[in-house]
Amino acid sequence: MDGVNMSASFDADFVAQVQAASEQNLALCYQCGNCTAGCPYTFAYDIPVNQIMRLVQAGQKHKTLTCKSLWLCATCESCTTRCPNDIDVARIMDVLRHMARCEGHAPERAVKVFWDSFLESVRKHGRVFEAGLLAKYVARTGRVWTDFDLAPRIIPKGKLALKPHPVKGLQEMEKIFKRFEEQGGCL
Amino acid sequence: MRGHSFAYYPGCSGLGTSMEYDSSTRAVCKALFVELHDVPDWSCCGSSPAHTVDHVLSAALSARNLAKVESTGRETVITPCPSCLTNLRTAGHRMEKPEFRARVNSLLDTPCKGDVQAKSVLQILFEDVGLEMIAASVQKPLKGLKVAPYYGCIMNRPPEIMQFDDHENPMAMDRILAALGAEVVPFPLKVECCGASYGVARKDVVARLSSRLLDTAVSLGADVMATACPLCQMNLDLRQEQASQHSGRAYSMPVLYFTQLMGMALGVAEAELGFDKLCVSPARAFEAMAASTVANKQTERGSRV
Ligand code: SF4
Ligand code: SF4
């Protein structure tokens, strides 16, 4: 981790917000490192999860919300399950990515595009339409389907439906998302 | 014989990439006198993308379905998919708080009370149907088939929410497979993550995590891996060659849903089990199993003479 001037950049509001939204007491973390030891994604993270906990305690909002790790956490619940202080670490990771999203940070852009395309598919059809989701993802990232090698394996299996299976209550679905936006939610 | 009856939430992947999990689940439940009633007009639970965006939105996507179950008067809904299960259970858990429930309901047309229980198909097969009944229903024992049971990361975690089996060393699938006559190897990475939904955006990550699981199953001499999760199955089976490229070791490990193996042992028609939907065919493993059964019978007969 690069050096940070703790006292100059301590953001008390940020600490309070994370605590309120996650309903967790961050002060309980004593840096035992259990969460990081069990985290299967540490190799891909720019900041390991225990250090993220430390950064939040220290009110380091910018450093925390701009890290890549938030976009790579798979919510595998290993950290939450193994924290000796019963801190729901995975929930804190979730809350941090909500905040990062609202502030416009997404250093792992492909991940965000994939998640966004997924939710748009849910909003539009009520159920995820896998082939449509992939098409949208490819169009947005400008990557030709990076899984091109998989096409000959999956297509003959008839497992990728070529048409969506929409729900009847499509308007209800749209209203869930619309109300969420009206209430100030960031999609 | 008293049967069971549950609301059933298939989950989106059941309509596509995990259609064989859905069809084998339905067939196995039928064979074990478990009635399934599809949740009327069920919609997506939002999976991971929803909870990474917002917890109220995520809960609302689940709660729309829980409210549908409430409208049918059923108390328990079951789902094969651990990701759907986590969302349904977490939504129910958080909605115990009236303030959270009110926020969720403010997004919905039909309010949700939040008192429907969600369980996995694995859980009800283990707890409600039970090993005794399963063992008694076996027609073709999986004798000689070495299976590595893989639960995935969130079937049992976090324990406060999932409330099922052990969170470090779950045994329900092990014991079901053993009741079917299979030889179950003690798989140490039962609850390790396979790479989840990062296959599309970060397949390097998935290749690394999945190859570790495949390596371990190979080193234990497993003939097949058994999974309970559509994402795990897809990462380990469809992406097996990507894992091979990453590790430099060629794998040919069949990765089946545990319900496919159950169906086979219970004598369910193959058409409903969807073995042809798997990328790595289990045919060789099954042939080896049949051969060893014949060999065993011959030795038995030989020793009797
Ligand atoms: S396991 Fe818990 S106490 Fe230990 S470092 Fe992680 S969050 Fe802190
Ligand atoms: S939930 Fe996220 S941070 Fe926690 S162990 Fe899993 S991947 Fe790592």
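Residue positions are given per chain, counting from 1 as you read along its sequence in written order. Numbering of ligands from 1 and lettering of chains from A proceed in the order in which they are written. Where totals are concerned, whole chains, interfaces and linings use all residues; where local detail is concerned, this predicted model gives features only for residues with pLDDT of at least 70, and gives and counts side-chain atom pairs only at 80 or more. To obtain the side-chain values, all non-hydrogen atoms of the structure were used and water was disregarded.

### Overview of the overall build of chain B
Definition in use: A run of DSSP states H or I qualifies as a helix once it reaches four residues; a run of E qualifies as a strand once it reaches two. Both are numbered from the N-terminal end. Burial classes: relative accessible area under 20% of the type maximum marks a residue as buried, over 50% as exposed, and values in between as partly exposed (1.4 Å probe, protein chains only). Any two residues having at least one pair of non-hydrogen atoms within 4.5 Å are treated as being in contact.
A tally of helices and strands in chain B yields 14 helices and eight strands. By its C-alpha atoms, chain B is 75 × 50 × 30 Å across when sized along the principal axes. Buried residues in chain B amount to 63% of all 305 residues. The long-range share in chain B, meaning contacts at least 24 apart out of those at least 6 apart in sequence, stands at 77%.

### Concerning the site of ligand 2
Where we set the bar: We call a residue near a molecule or strand whenever a single non-hydrogen atom of that residue lies within 4 Å of it. Any residue that is not Ala, Val, Leu, Ile, Met, Phe, Trp, Tyr, Cys, Pro, Asp, Glu, Lys or Arg is counted as polar, Gly included; the first ten are nonpolar and the last four charged.
As a structural note, the neighbourhood of ligand 2 is formed by Cys-39, Tyr-41, Tyr-45, Val-49, Cys-73, Ala-74, Thr-75, Cys-76, Glu-77, Ser-78, Cys-79 and Ala-90 of chain A. When grouped by side-chain class, the residues that make up the shell around ligand 2 number nine nonpolar, two polar and one charged.

### Digging into the site of ligand 1
Residue and element names in this part refer to chain A. Within the structure, ligand 1 sits among 13 residues, and Cys-29, Cys-32, Gly-33, Cys-35 and Cys-83 are positioned closest to it. At the level of secondary structure, the elements contributing two or more residues to the shell around ligand 1 comprise α3 (34-38) and α4 (49-57). Partitioned by chemical class, the residues of the shell around ligand 1 number eight nonpolar, five polar and no charged.

### Description of the nonpolar core
Note the cut-off: Here the nonpolar core consists of buried residues drawn from Ala, Val, Leu, Ile, Met, Phe, Trp, Tyr and Cys, with membership extended through side-chain atoms lying within 4.5 Å.
Residues Tyr-41 and Leu-96 of chain A together with Leu-32, Leu-125 and Leu-261 of chain B are the most contacted members of the largest nonpolar core, which totals 147 residues. If you tally residues by element for this core, the top one is helix α3 (residues 55-72) of chain B, at nine residues. Beyond its immediate chain neighbours, meaning those up to four positions away, Leu-32 of chain B contacts Leu-125, Val-129, Met-133, Ile-134, Ser-137, Met-262 and Leu-266 of chain B.

### Some remarks on the confidence of the model for chain B
Note the following rule: How sure the predictor is of each residue is captured by pLDDT, a score from 0 to 100.
For chain B, the average pLDDT comes to 95, and 95% of its residues sit at 70 or higher. Taken over the whole predicted complex, pTM reads 0.94, whereas the ipTM for its chain interfaces reads 0.93.

### Describing the state of the cysteines
Rules: The definition used for a disulfide is geometric: two cysteine sulfur atoms within 2.5 Å.
This model, assessed by the stated rule, comprises one disulfide over all chains. Put simply, Cys-102 of chain A and Cys-186 of chain A are joined by a disulfide, and their sulfur atoms are 2.1 Å apart. Disulfide Cys-102 of chain A-Cys-186 of chain A: torsion about the S-S bond near 110 degrees, hence right-handed. A residue pair is termed long-range when its members are at least 10 positions apart, and Cys-102 of chain A in helix α8 (residues 89-102) and Cys-186 of chain A in the segment after α12 (170-182) qualify at 84 residues. Judged by relative accessible area, which is 45%, Cys-102 of chain A ranks as partly exposed. Take Cys-44 of chain B: it sits in no disulfide, and the sulfur closest to it among the cysteines is that of Cys-12 of chain B, at 3.8 Å. Judged by relative accessible area, Cys-44 of chain B falls into the buried class, the value being 3%.

### Topic: the sheet that holds strand β1 (residues 4-8) of chain B
All names here are of chain B. Cut-off, in case you're wondering: Paired strands, as defined in this entry, are two strands with at least two bridges between them according to DSSP. Axes here mean lines fitted to C-alpha atoms, for a helix over just the part in contact, with angles spanning 0 to 180 degrees between N-to-C directions.
Across the sheet, four strands lie side by side as β2-β1-β3-β4; this open sheet has parallel pairing. Unpaired on one side and paired on the other, β2 (34-38) and β4 (117-120) mark the two borders of the sheet. On average, adjacent strands in this sheet sit at an angle of 40 degrees to one another, irrespective of strand direction. Pairing geometry for β1 and strand β3 (residues 76-79), over two bridges, is parallel. Across the sheet, residue Tyr-8 finds its bridge partner in β3, namely Ile-78. Here helix α4 (residues 82-94) sits on the sheet and contacts β3 and β4; the angle it forms with β4, its principal contact strand, is near 160 degrees. Most of the contacts of helix α6 (residues 121-129) go to β4, to which it runs at about 90 degrees, and overall it touches β1, β2, β3 and β4.

### Let's talk about the side chain of Asn-87 of chain B
Checked against the element boundaries, Asn-87 of chain B lands in helix α4. The contacts of Asn-87 of chain B, once residues within four sequence positions are left out, are Cys-45, Gly-46, Ser-47, His-51, Ser-58 and Ser-62 of chain B.

### Section: the pairing of strand β7 (residues 224-227) of chain B
In summary, the side chains of a regular strand alternate between the two faces of the sheet. All names here are of chain B. Alternating positions in β7 separate into two faces, Val-224 and Ala-226 on one and Met-225 and Thr-227 on the other, with burial throughout. Here strand β5 (residues 146-150) pairs with β7 via four bridges, running parallel. Pairing of Val-147 across the sheet is with Val-224, part of β7. As defined by bridge partners, β7 adjoins strand β8 (residues 255-257) across three bridges and the pair is classed as parallel. What sits directly across from Thr-227, in β8, is Tyr-257.

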